[in-house]
Amino acid sequence: MQKMLSAAVRHTARSVRTCSSYVNQARYVFDLKENDDTCRQALKSGSFYLFHNLSPLIRKSENTFYTPAVSGPDLLQVLGSCGKDKLSLEDSVLLGCSESCVAEFALDLGSLEKSAIEQELSGKFTEIRNAIAKINGKMDAENASLLFRARSLLQWHDSHQYCSKSGKPTTKNVSGSKRVCHVNGLIYYPQMSPVVITLVSCKNRCLLAHQENFPAGMYTALAGYCEIGETLEETIRREIAEEVGLVVDTVRYSGSQHWPFPGSSLMLACQATVKDDKLQLDINRAEIEDARWFTLEEVTEALQMKTLPSKLPDGTLPVWVPPKFAIAHHLIQEWVQEQKALNGS
Ligand SMILES: NC(=O)C1=CN([C@@H]2O[C@H](COP(=O)(O)OP(=O)(O)OC[C@H]3O[C@@H](n4cnc5c(N)ncnc54)[C@H](OP(=O)(O)O)[C@@H]3O)[C@@H](O)[C@H]2O)C=CC1
Ligand SMILES: [Mg+2]
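Quick look at the structure, then.

Criteria and cut-off values
- Residues numbered from 1 in each chain as written.
- Chains lettered and ligands numbered in written order.
- Predicted model: local features only at pLDDT ≥ 70, side-chain atom pairs only at ≥ 80, totals over all residues.
- Heavy atoms only, no water.
- Helix = DSSP H or I, 4+ residues; strand = E, 2+ residues; numbered from the N terminus.
- Rg over C-alpha atoms; globule rule 2.2 N^0.38 Å.
- Buried < 20%, exposed > 50% of the residue type's maximum accessible area, 1.4 Å probe, protein only.
- Areas by Shrake-Rupley, 256 points an atom, 1.4 Å probe, with all protein chains shown as cover.
- Lys, Arg positive; Asp, Glu negative; His and termini not counted.
- Charge placed at Lys NZ, Arg CZ, Asp CG, Glu CD.
- Polar contact = N/O pair within 3.5 Å; in protein donor to acceptor, adjacent residues only side chain to side chain.
- Core = buried A, V, L, I, M, F, W, Y, C linked by side-chain atoms within 4.5 Å.
- Contact = heavy atoms within 4.5 Å.
- Patch = residues over 30% accessible without salt bridge, like charges linked within 9 Å, V, L, I, M, F, W, Y side chains within 5 Å.
- Salt bridge = Lys/Arg side-chain N within 4 Å of Asp/Glu carboxyl O.
- Near = heavy atom within 4 Å.
- Nonpolar A, V, L, I, M, F, W, Y, C, P; charged D, E, K, R; others polar.
- Disulfide = S-S within 2.5 Å.
- Phe/Tyr/Trp six-rings, centres within 6.5 Å; stacked < 30°, edge-to-face > 60°.
- Donors = N, O, S within 2.8 Å, 3.2 Å for Na, K, Ca; no water.
- Expected span 1.5 Å × (residues − 1).

## Some remarks on the overall build of the chain
The helix and strand tally for the chain stands at nine helices and 16 strands. Scaling as 2.2 N^0.38, a compact globule of 345 residues should have a C-alpha radius of gyration of about 20 Å, and the chain matches this with 22 Å. Its C-alpha atoms give the chain principal-axis dimensions of about 65 × 50 × 40 Å. The 345 residues of the chain split such that 48% are buried. Of the roughly 17500 Å² of accessible surface on the chain, 50% is carried by carbon and sulfur atoms. Charged side chains in the chain number 37 positive and 40 negative. The centres of these two groups are separated by 5 Å.

Given below as structure tokens:
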């Protein structure tokens, strides 16, 4: 979280203490999570990212988009004019802290009237998933990952209002790092599901798939939820066999990303290969609409394509891959770069 905010969005934050190193920042955030009084104090000088029913407030500045950080006093003013009695700063959840140790929070203003807040704060509450194509490449990647974290946390709190054992309401601590049932003492921590996303390749071809619920023309690497008891490698092996009928030969970890759609997932991205005498696909149509082997040239072209490209003269859409926000894009790009390095181009 140390460099989450661009200079453009940090202007309203007031420095309250100095965090000269990443270790200091991490320990400050730990303190905020553990200590309700420290966190309550930090709310007064913190900066706030605002949402409305999980849609973040986004501002446009020339050709870029960003989420404005609103100061505590400014937010109190907005709440004062738009519905102070319905919400307080303590309904926020802690996201982390800036390099100068200003605590950063997210607050969902879904119980207030949207347009009045948008007008007051000169922004628009925008459903992130629908806006990805529009803001692709025009929003700082760190800003996007801050939005993903905030959305997941707010959604988790919204759906964990009651204890699954006692059925009674749960209460969040001030930072929102947990919820507690005061009847039986059960503690709930924000959860996420591990998901593997794998780019299967064989020499100079890689496998991309299209699902019915994807936007038209979008192809991506194969993904699937980890089942309880599985290792990462076992999930990859099972998902690839289930979805396209291939047997994975080698697996290499590539990177990870938090992904807040539809719930909170930790996407674990891997490169996998299959043997070149076993390339015949047997597509599971219940899960995948189409899957194909693509050449390096085809994938290079798809990477350069804008999201939601225009139709070709024959009425079909060219193949395109997920935008830079998605780890799938980086997985595909990594494979292209490795192939080009192998070919010496
Ligand atoms: N960031 C990125 O680059 C990308 C992210 N993704 C994400 O990866 C995720 C998984 O990919 P997908 O191919 O759909 O996964 P799967 O192939 O595992 O299929 C999804 C189905 O698995 C079932 N399921 C099992 N466990 C869970 C769980 N913990 N949460 C939700 N559903 C579960 C659901 O079935 P049922 O509804 O029948 O219960 C769901 O419809 C998606 O949410 C997608 O958004 C995908 C591609 C790229
Ligand atoms: Mg899948």
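Let's pick the thread back up.
## Details of the side chain of Arg238
Structurally, the position occupied by Arg238 is in helix 7 (residues 232-244). Side chain to side chain, Arg238 and Glu239 meet in a polar contact 3.1 Å long.

## Considering the nonpolar core
Residues Met139, Ile197, Leu199, Leu208 and Val299 are the most contacted members of the largest nonpolar core, which totals 46 residues. With seven residues, the top contributor of residues to this core is helix 6 (residues 141-159). Filtering out sequence-adjacent residues up to four positions away, Leu208 remains in contact with Leu199, Tyr219, Thr220, Ala221, Asp290, Ala291, Arg292, Phe294, Val299, Val321 and Ile332. The next biggest cluster of nonpolar side chains, apart from the first, holds 29 residues, and it includes Cys39, Phe48, Leu94 and Leu109.

## Some points on a positive patch on the surface
On the surface, Lys60, Lys134, Lys138 and Lys306 cluster together to form a positively charged patch. By the secondary structure assignment, Lys134 is in helix 5 (residues 128-135). For Lys134, a relative accessible area of 58% translates into the label exposed.

## Considering the site of ligand 1
Residues in contact with ligand 1 amount to 19 residues; listed here are only the nearest, Ala223, Tyr225, Glu243, Gln257 and Ala328. Trp259 places a polar side-chain atom, nitrogen or oxygen, 3.1 Å from an oxygen atom of ligand 1. A distance of 3.3 Å separates an oxygen atom of ligand 1 from a polar atom in the backbone of Ile327. Burial of ligand 1 by the protein chains amounts to 58% of its free accessible area of 920 Å². Mapped by element, the contributors of at least two residues to the shell around ligand 1 are strand 11 (193-202), strand 13 (222-225), helix 7, strand 14 (250-259) and helix 9 (327-343). Per-class residue counts for the shell around ligand 1 are eleven nonpolar, four polar and four charged.

## Remarks on the state of the cysteines
Considering all chains together, one arrives at zero disulfides under this definition. You can see Cys39 has no disulfide; the closest cysteine sulfur is in Cys97, sitting 11 Å from it. The class for Cys39 is buried, based on a relative accessible area of 0%.

## Remarks on the packing of aromatic side chains
As enumerated under the stated definition, the model contains six aromatic pairs in all. Measuring from centroid to centroid gives 5.5 Å for Tyr219 and Phe294, while their planes differ by 70°, and the two rings are edge-to-face. A residue pair is termed long-range when its members are at least 10 positions apart, and Tyr219 in the loop between strand 12 (205-210) and strand 13 and Phe294 in strand 16 (residues 290-295) qualify at 75 residues. Judged on exposure class, the residue Tyr219 and its partner Phe294 are both buried. Through a chain of ring-to-ring contacts, the aromatic side chains of Phe148, Trp259, Phe261 and Phe325 assemble into a single cluster.

## Notes on the coordination of the magnesium ion (ligand 2)
Protein coordination of the magnesium ion (ligand 2) is provided by Ala223 (O) and Glu243 (OE), with donor distances spanning 2.2 Å. Of the two residues, Ala223 sits in strand 13 while Glu243 sits in helix 7, which places them 20 residues apart along the sequence.

## What about helix 7?
For helix 7, spanning 13 residues, the distance from its first C-alpha to its last is 18 Å, which sits close to the expected 18 Å at 1.5 Å a residue. By the burial criterion, the buried members of helix 7 are Thr235, Ile236, Arg238, Glu239, Ile240, Glu243 and Val244. Looking at the buried positions of helix 7, the neighbouring elements they touch are strand 11, strand 12, strand 13, strand 14, strand 15 (265-273) and strand 16. The first or second residue beyond helix 7 is Gly245, which carries a positive phi of 70°.

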